[in-house]
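Spelled out, the chains give:
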Amino acid sequence: MVFSKLFRRTAAPAPHIAAGRIVYAIGDIHGRLDCLEDLLARIDADPDRGDRHVTLVFLGDLIDRGPDSCGVVERIMALCAASADVHCLCGNHEELLLEAAAGARQALGIFNRAGGRETLLSYGVDDATYEREDLKGVQRLILDHVPAGHLDFLRALPDKVVIDDYVMVHAGIRPGVALDEQKASDLRWIRAPFLDHSGRHERFVVHGHTVTDEPDIRPNRIGIDTGAYRTGRLTALVLEGDSRRFLTTACPEGTGASVD
């Protein structure tokens, strides 16, 4: 009992990034290649990066909703191939595409409502063809139009990246569960049990998945999905030492499916 009282009263030390390194964690892109290119240009021009070792982490949901999922995947594949300091996580939308490609009926139904149409149009499927297909037909369109190399890349994406005092995930983590024991379904889909938790986690959590108008800054986590697919605001959280700041795009607003 004495220990628990002392624990509650002791302020948590600020999470820290090792000296000489700067980390850019980038929120949900959802097919907005224009926002991605704008944000990468802002990162390249960031006057505060200096000669620090640069790490990029994309938090998943590269695809769906926006107009150029194909272009986003190709761009990030190239970045990852060019540098071991570029990391990309698997989001729930990547999971939906992969399961839909494998013929999972439930995933096909959700994919169809969550921006899958926009994804397949970006891969060269025409609108009329998409509209007349049933769920099995949508699976065929995925396999016929999404390159196997793209699916293989998405299939190999990790669910978390740990950098110093931070853990970066797509959706969040299950409170009270060790990081090494987290389920992929929670890392890609969780909401309320994580978002409502105010206690400490094993590491400070950086996540996307849940859209907020501005970065959602809490004592134990920061959410950086600012709804780029519709707002044109794609956000990067910049971490260096024990400081944090943000870079955000100002691209034209768009439209997209509402299923997260």
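See the structure printed just above.
Predicted model only: the values in this text are computed from it and were never measured.

Enquirer: Got a minute to help me understand the environment of Ala-250 in this structure?
Expert: Its location among the elements puts Ala-250 in the segment after strand 10 (243–248). Residue Ala-250 is classed as exposed on the basis of its relative accessible area of 67%. In the structure, Ala-250 is positioned 211 residues away from Leu-39 in sequence and 9.3 Å away in space, judged by C-alpha atoms. Other than its neighbours up to four places away in sequence, Ala-250 contacts Arg-42 and Gly-232.

Enquirer: Whenever I open this one, the environment of His-87 confuses me. Can you help?
Expert: Looking at where His-87 falls in the secondary structure, it is placed in strand 3 (residues 86–88). Between the C-alpha atoms of His-87 and Leu-157, which are 70 residues apart in sequence, the distance is 8.6 Å.

Enquirer: Would you mind going over the pattern of salt bridges with me for this structure?
Expert: Where side chains of opposite charge bring their charged atoms close, a pairing between them can arise. Inspection of every chain in the model, using the stated rule, returns 18 salt bridges. Residues Arg-117 and Glu-131 are paired through a salt bridge, measuring 3.3 Å at the closest nitrogen-oxygen approach. Taken together, the residues span a long stretch of sequence, with Arg-117 in helix 6 (residues 116–122) and Glu-131 in helix 7 (residues 127–132) at a distance of 14 residues. Salt bridges sharing common partners tie together Asp-46, Asp-48, Arg-52, Glu-240 and Arg-245.

Enquirer: Help me understand the packing of helix 4 (residues 92–101) against helix 8 (residues 135–145), please; the structure alone is not making it clear to me.
Expert: How two helices pack is summed up by the angle between their axes together with the distance between the axes. Taken N-terminus to C-terminus, the directions of helix 4 and helix 8 make an angle of 105°; their axes are 8 Å apart at the nearest point. One way to sum up the angle between helix 4 and helix 8 is to call them roughly perpendicular. On the side of helix 4, the interface is formed by Leu-97, Ala-100 and Ala-101, while helix 8 contributes Gln-139, Ile-142 and Leu-143. Each residue belonging to the contact of helix 4 with helix 8 can be placed in one class, and the counts come to five nonpolar, one polar and no charged.

Cut-off values and rules
Residues numbered from 1 in each chain as written. Predicted model: local features only at pLDDT ≥ 70, side-chain atom pairs only at ≥ 80, totals over all residues. Heavy atoms only, no water. Helix = DSSP H or I, 4+ residues; strand = E, 2+ residues; numbered from the N terminus. Buried < 20%, exposed > 50% of the residue type's maximum accessible area, 1.4 Å probe, protein only. Contact = heavy atoms within 4.5 Å. Salt bridge = Lys/Arg side-chain N within 4 Å of Asp/Glu carboxyl O. Axes fitted to C-alpha atoms, helices over the stretch in contact; angles between N-to-C directions. Parallel < 35°, antiparallel > 145°, perpendicular 65-115°, else oblique. Nonpolar A, V, L, I, M, F, W, Y, C, P; charged D, E, K, R; others polar.

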